[in-house]
Amino acid sequence: METIDFDRLPLTPDVRVLDVGCGEGRHVHAAALENVAEVVGLDLGRENLVAAREDHEQYIAPESDVPVTFLSGDALRLPFEDGAFDVVCCTEVLEHLPDYESAIDELRRVCAPGGTLAVSVPRAGPERICWALSDEYHEVEGGHVRIFDREELRAAIERRGFRRVDGHFAHALHAPYWWLKCLWWDRDERGESPLPLRAYDRFLEWDVLESPRPVRLLERALDPVVGKSVVYYFELEGRA
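Residues numbered from 1 in each chain as written. Predicted model: local features only at pLDDT ≥ 70, side-chain atom pairs only at ≥ 80, totals over all residues. Heavy atoms only, no water.

As annotated in an unreviewed UniProt entry, the chain carries the name Class I SAM-dependent methyltransferase and is attributed to Natrinema salsiterrestre.

Points about helix H2 (residues 46-60)
As a reminder of what qualifies: Segments assigned H or I by DSSP are reported as helices when at least four residues long, segments assigned E as strands when at least two residues long, and all are numbered from the N terminus. In a helix, the anticipated span is given by 1.5 Å times the number of residues less one. Under the scheme applied here, a residue whose accessible area is under 20% of the maximum for its type counts as buried, over 50% as exposed, and between as partly exposed, the area being computed with a 1.4 Å probe on protein chains only. To be clear, the arc concerns the directions from the helix axis to the C-beta atoms.
For H2, built from 15 residues, the straight-helix expectation of 21 Å at 1.5 Å per residue is met to within 8% by its first-to-last C-alpha distance of 20 Å. Of the residues making up H2, those classed as buried are Leu-49, Ala-51, Ala-52, His-56 and Ile-60. Mapping the buried residues of H2 onto a view down its axis gives an arc of 160°, with all of them on the same face. Turned more than 90 degrees away from the buried face of H2, the exposed residues are Arg-46, Glu-47, Glu-57 and Gln-58.

A short note on a nonpolar patch on the surface
Heads up, the condition is: Nonpolar side chains (Val, Leu, Ile, Met, Phe, Trp, Tyr) within 5 Å and like charges within 9 Å form the patches, drawn only from residues with over 30% relative accessible area and no salt bridge. Accessible surface area values rest on a Shrake-Rupley calculation with a 1.4 Å probe, where residue burial reflects the displayed protein chains alone. Put simply, a salt bridge is a Lys or Arg side-chain nitrogen that is within 4 Å of an Asp or Glu carboxyl oxygen.
On the surface, a cluster of nonpolar side chains totalling about 240 Å² of accessible area is made up of Ile-129, Leu-133 and Leu-183. Position of Ile-129 among the secondary structure elements: in helix H4 (residues 124-133). Overall, Ile-129 belongs to the partly exposed group, its relative accessible area being 37%.

As for the pattern of salt bridges
Counted by the stated rule, this structure contains 17 salt bridges. With its nearest N and O atoms 2.8 Å apart, the salt bridge here joins Asp-74 to Arg-77. We classify Arg-77 as exposed; its relative accessible area is 59%. A salt bridge links Arg-154 to Glu-158, with the nearest nitrogen and oxygen atoms 3.1 Å apart. A residue pair is termed a helical-turn pair when its members lie 3 or 4 positions apart in one helix, as Arg-154 and Glu-158 do in helix H6 (residues 150-158) at 4 residues. For Arg-154, a relative accessible area of 25% gives the class partly exposed. Classification of Glu-158 by relative accessible area gives partly exposed; the value is 30%. Each member of the salt-bridge network shares a partner with another, and the members are Glu-101, Asp-105, Arg-159 and Arg-160.

Considerations on the layout of surface pockets
How we decide: Using only the protein atoms, space was sampled on a 1 Å grid; points where a 1.4 Å probe fits but cannot get out form cavities, open sets with protein on both sides within 12 Å along at least five of seven lines form pockets, and lining residues are those with an atom within 4 Å of a point. Grid points are joined across faces, edges and corners, and a volume is the space filled by probe spheres set on the points. Here the nonpolar group is Ala, Val, Leu, Ile, Met, Phe, Trp, Tyr, Cys and Pro; Asp, Glu, Lys and Arg are the charged ones; every other residue, Gly included, is treated as polar.
Approximately 1,300 Å³ is the volume attributed to the largest pocket. Along its surface, the largest pocket is lined by 41 residues, and Arg-26, Glu-92, Glu-95, His-96 and His-144 are the ones closest to its centre. Residue assignment for the lining of the largest pocket shows that the elements contributing at least two residues are strand S1 (16-20), helix H1 (26-32), strand S2 (38-43), helix H7 (174-183) and helix H9 (195-210). The residue inventory of the lining of the largest pocket, partitioned by class, reads 15 nonpolar, 15 polar and 11 charged. Computed from the structure, the second largest pocket encloses a volume of approximately 710 Å³. Along the walls of the second largest pocket sit 23 residues, with Glu-2, Ile-4, His-171, Arg-216 and Glu-219 positioned nearest its centre. Put simply, the parts of the chain that give the lining of the second largest pocket at least two residues each are strand S6 (162-170), H9 and helix H10 (213-226).

Some remarks on the packing of H4 against H7
Our working rule: Think of each axis as a best-fit line through the C-alpha atoms, taken over the contacting stretch in the case of a helix, with angles from 0 to 180 degrees between the N-to-C directions. Here the angle decides the label: under 35 degrees means roughly parallel, over 145 means roughly antiparallel, 65 to 115 means roughly perpendicular, and every other value means oblique. Here a residue-residue contact requires only that any non-hydrogen atoms of the pair lie within 4.5 Å.
Close contact between H4 and H7 brings their axes to 8 Å; oriented N to C, the two are set at 10°. On the basis of their axis angle, the class for H4 and H7 is roughly parallel. Residues Pro-126, Ile-129, Cys-130 and Leu-133 of H4 pack against Ala-175, Trp-178, Trp-179, Cys-182 and Leu-183 of H7. When its residues are assigned to classes, the contact of H4 with H7 shows 9 nonpolar, no polar and no charged.

Points about the nonpolar core
Our working definition: Each nonpolar core is a collection of buried residues, namely Ala, Val, Leu, Ile, Met, Phe, Trp, Tyr and Cys, held together in the definition by side-chain atoms within 4.5 Å.
Counting 33 residues, the largest nonpolar core has Val-20, Phe-80, Val-88 and Leu-94 as the members making the most contacts within it. Contributions of two or more residues to this core are made by S1, S2, strand S4 (85-91), helix H3 (100-110), strand S5 (111-122), H6, S6 and strand S7 (229-236). Among the elements that line this core, the one with the most residues is H3, at 5 residues. Excluding anything up to four places from it in sequence, Val-88 contacts Leu-18, Val-20, Leu-107, Val-110, Cys-111, Thr-116, Leu-117 and Ala-118. The next biggest cluster of nonpolar side chains, apart from the first, holds 22 residues, and it includes Cys-22, Val-28, Val-66 and Tyr-233.

What follows is the structure, given as C-alpha cells:
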C-alpha cells in the first residue's frame, strides 16, 4: 500500500531513487518495479530492513533487474554525497523527529538539482482526533512528536529551494481504524481488542491484498475529506 503516487514521479531509466525511512520497503519495492537506474532504502530499524530485504528477494527480485540496496541510517545524517539522487521520498517520517528541519536539510542536500522530493505526513485534522482520543498514541517511544499544519510543512520545504508541483491526500479508509484503535488503546495493547476494531483491521488487510476496485474508488472519493496523510511533490530549483 503506497502513500506516494508513482505516476506523479518522473521515473526514467537514468533516475536514482532514495526512500528515507523506508520501513519494510513498500515504496522501495514499488520503485524497483519501475524502469529506473537504482533504488536505495534507508531506515534506522534493523528489523524493518530485514523484512524489506526478505520481501524484495522473494517477491520483487524475480520480477525486476533494478539494483536495490537497503541501508541502516539516520535521516539527520544521510550517508550519501550531495545531489546523489534524482528522486527522494520521505513518507510518514518527519512527524517522528524533534529536529525535522535538519532532516529536510539532508533531504535537500542529497537531492540532485532539478530532482523531485516526495514527502508525506499525517494530515492535521484526522491526527488531532487521534491525539484527543489517546495520549498513548503519540507518547509511545518513537511516536509522533508534532501535528503538522500542511502549509507550515510546505513553507519549510520551499524555503530550501524547492517548488511544489503537486499534492493530494491519501488513506481515507485508514483514518477510522486509527480513531477506533485510539479509542480502545489500552484494551488493544492488552490483546483485548473490541470486535469493531478487529473487524476493521481484517477489512483493511483484505483491501490491501485484494485491492477491489469499488473500495479503491470509495477511498479516492473520501481522501479529500478524511484522508489520513497529506502528500506533497516538489522540484528542486536548478538543473544539473
